[in-house]
Amino acid sequence: VMGDQSHSDSMSDRFRWRLDDAGQLYAVSGDGYSDRSGVAIYRLDAKTGEIVSAARHEGSFPSLVNGPGGQLFGIYRTPEPARYTVYRLRNGNWSPVLVAGNAPLSSLRGNAHALIVEKGRGDGAHLLLSRDGGQHWQAMADLYIRDRMEFDPAGAGWLRMGYRNREGYYGYRWIRP
């Protein structure tokens, strides 16, 4: 599956490990920063450690997250011409939940309540929110992720950090869509 390189314990750091809601562990080669095409996906039974499947795909998974209900989601980018899709991965099946075509998808975030993905320009002004596992997406045009905002992994919002005031304190507020 990996080509010229064989799998060994020293290579396990080249994989991103994620668990889906069906108790299957995914080991996905590459990372979110690589533009290389070609990804190897090992699927293991989480209870026994037995390899259930191993496959190579021509595209890449720049982002993998767990979302509502522990479901596993990932942005898949095809090789040139690049096409972007958010898939739900479960038991070896890939179900598309957001097809963006050639509009780039990035910054996929997820928690127990929601999925948030950036579509398009990468400026933070084109965010989409889903509270139902990707069945419906809502534009979040009024929220911007900047260097002073952090995603809230517990509640599907952002912590907006202000600048230091005269007393030396940093103001903050929770933004909940």
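Everything in this summary refers to the structure shown in the same document. The structure displayed is predicted, hence computed values, not measured ones. (Residues numbered from 1 in each chain as written. Predicted model: local features only at pLDDT ≥ 70, side-chain atom pairs only at ≥ 80, totals over all residues. Heavy atoms only, no water.)

Let us now look at the pattern of salt bridges. Per the counting criterion, the structure on display carries 2 salt bridges. Where Asp 21 meets Arg 88, a salt bridge forms, and the shortest distance between an N and an O atom there is 3.0 Å. Taken as a pair, Asp 21 in the loop between β1 (15-19) and β2 (24-29) and Arg 88 in strand β7 (residues 84-90) lie far apart in primary sequence, 67 residues in all. Judged by relative accessible area, which is 29%, Asp 21 ranks as partly exposed. The exposure class of Arg 88 is partly exposed, given its relative accessible area of 22%. Taken together, the salt bridges that share partners define one network made up of Asp 21, Arg 88 and Arg 90. (Salt bridge = Lys/Arg side-chain N within 4 Å of Asp/Glu carboxyl O. Helix = DSSP H or I, 4+ residues; strand = E, 2+ residues; numbered from the N terminus. Buried < 20%, exposed > 50% of the residue type's maximum accessible area, 1.4 Å probe, protein only.)

On to the environment of Asn 66. Take Asn 66: it is sitting in strand β5 (residues 60-66). Overall, the relative accessible area of 29% leaves Asn 66 in the partly exposed class. Not counting residues up to four positions away in its chain, the partners in contact with Asn 66 are Arg 18, Leu 19, Gln 71, Leu 72, Gly 110 and Asn 111. Among the polar contacts made by the side chain of Asn 66, one reaches the main-chain carbonyl oxygen of Leu 19 at a distance of 2.7 Å. At 3.0 Å, the side chain of Asn 66 forms a polar contact with the backbone oxygen of Gly 70. (Contact = heavy atoms within 4.5 Å. Polar contact = N/O pair within 3.5 Å; in protein donor to acceptor, adjacent residues only side chain to side chain.)

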